[in-house]
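One letter stands for each residue in the lines below.
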Amino acid sequence: MKIYTKSGDKGQTSVIGARVPKDDDRVEAYGTIDELNSFVGQAISTITNEEKYGDLKEELEIIQQELFDCGSDLAFVKLEEGNYKVSGDMAERLEQWIDLHQAENPQIERFIIPGGCALSSALHVCRTVSRRAERRVVTLGSHTEINPSVRLYMNRLSDYFFVIARTANVRSEVPDVEYLRSKKVFRSK
């Protein structure tokens, strides 16, 4: 099988059920999710201490599979609701993970600048790409019907990456990098 087909040489690509321009909102949405998945793989590759980060690695590997599911649901021009791969319970599980890891983190008072240990830095990249992917999904959903669970999942995912980036720093005994000119903007409840 040849990897190149030449069918996209004129700026068109196939989605499931249509042929669209390569910069179509649908292609932008699932393409950005694919980009995010690559960064998640890169973050996983920085994990060398299974004892410290094994749970995070397992969660990230699950997320990689689910990101493929998100892209799959978005690749269909017309997908019947019963055939969705992404469901609300996936976002609920992310919330559980967020709460679990947040309990490990110190109270946050100021804005955090991406950095710290290598894993934390990689996870902050995942967070920012996740936010962009979410924006692309919102744009697509503003003019066409999409699986709403994908939008919900992408929203929770960026929060998850933020929390575990901080957790990675905690476990590495590296402090978060605070924004120096930030006032104390977060208060404990």
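Please refer to the structure higher up on the page.
The structure reproduced in this document is the subject of the present report.

Rules used in this analysis
- Every chain's residues receive numbers from 1 upward, in the order its sequence appears when written.
- Local features are withheld for residues below a pLDDT of 70 in this predicted model, meaning they are given only at 70 or higher, and side-chain atom pairs are given and counted only at 80 or more; totals for whole chains, interfaces and linings count all residues.
- Computation of side-chain values: all heavy atoms of the structure, hydrogens and water removed.
- A pair is scored as a salt bridge if a Lys or Arg side-chain nitrogen falls within 4 Å of a carboxyl oxygen belonging to Asp or Glu.
- Per the convention used, a helix needs a DSSP run of H or I reaching at least four residues, while a strand needs a run of E reaching at least two, with both numbered from the N terminus.
- Categorising residues by exposure relies on relative accessible area from a 1.4 Å probe, with only protein chains included: less than 20% of the type maximum marks a residue as buried, more than 50% marks it as exposed, and the intermediate range marks it as partly exposed.
- To define axes, lines are fitted to C-alpha atoms, for helices over the stretch in contact only, and angles between the resulting N-to-C directions are given on a 0 to 180 degree scale.
- Oblique is the label for any angle not under 35 degrees, not over 145, and not in the 65 to 115 range, which are roughly parallel, roughly antiparallel and roughly perpendicular in turn.
- Should the near helix be turned counterclockwise from the far one by less than a right angle, the crossing is left-handed, whereas a clockwise turn marks it as right-handed.
- Any two residues having at least one pair of non-hydrogen atoms within 4.5 Å are treated as being in contact.
- Basically, the charged four are Asp, Glu, Lys and Arg, the nonpolar ten are Ala, Val, Leu, Ile, Met, Phe, Trp, Tyr, Cys and Pro, and anything else, Gly included, counts as polar.
- Excluding any residue in a salt bridge, patches collect residues exceeding 30% relative accessible area, merging like charges within 9 Å and nonpolar Val, Leu, Ile, Met, Phe, Trp and Tyr side chains within 5 Å.
- Using the Shrake-Rupley algorithm and a 1.4 Å probe, accessible areas are obtained, with residue cover drawn only from the displayed protein chains.
- Cavity: a set of points on a 1 Å grid over the protein atoms alone where a 1.4 Å probe fits but cannot get out. Pocket: an open set with protein on both sides within 12 Å along at least five of seven lines, its lining residues, like those of a cavity, having an atom within 4 Å of a point.
- Grid points are joined across faces, edges and corners, and a volume is the space filled by probe spheres set on the points.

1. Some points on the pattern of salt bridges
This model, assessed by the stated rule, comprises eleven salt bridges. Between arginine 110 and glutamate 178 there is a salt bridge, with the nearest N and O atoms lying 3.9 Å from each other. Here arginine 110, found in the loop between helix H3 (88–102) and strand E3 (112–113), pairs with glutamate 178, found in strand E4 (residues 177–178); they are 68 residues apart in sequence, far enough to count as distant. Given a relative accessible area of 23%, arginine 110 falls into the partly exposed group. Accessibility expressed as a relative area gives 36% for glutamate 178, which makes it partly exposed.

2. A few points about the packing of helix H2 (residues 50–75) against H3
Each pair of packed helices gets described by two things: the angle between the helix axes and the distance between those axes. Contact pair H2 / H3: the axes reach a minimum separation of 12 Å and the direction vectors enclose 155°. Comparing the axis directions of H2 and H3 gives the class roughly antiparallel. With respect to the hand of their crossing, H2 and H3 are arranged in left-handed fashion. Contacts from Asp55, Leu56, Glu59, Ile62, Ile63, Glu66 and Asp69 in H2 reach Met90, Arg93, Leu94, Trp97 and His101 in H3. Looking at side-chain class alone, the contact of H2 with H3 contains six nonpolar, one polar and five charged residues.

3. Brief notes about a nonpolar patch on the surface
A surface patch of nonpolar side chains, about 480 Å² in accessible area, is lined by Phe111, Ile113, Val177, Tyr179, Val185 and Phe186. Structurally, valine 177 is set in strand E4. Relative accessible area serves as the criterion here: at 34%, valine 177 is assigned to the partly exposed category.

4. Remarks on the environment of arginine 135
Its location among the elements puts arginine 135 in helix H4 (residues 118–141). The class for arginine 135 is partly exposed, based on a relative accessible area of 45%.

5. So, the layout of surface pockets
Over the atoms, a rolled probe matching the size of one water molecule traces out where space is still vacant. Each pocket or cavity is described by its volume, and for the second largest pocket that value is around 180 Å³. Tyr30, Gly31, Ile33, Asp34, Asn37, Leu67, Phe68, Gly71, Ser72 and Ala75 are the residues that line the second largest pocket. Among the residues making up the lining of the second largest pocket, the classes are represented as five nonpolar, four polar and one charged.

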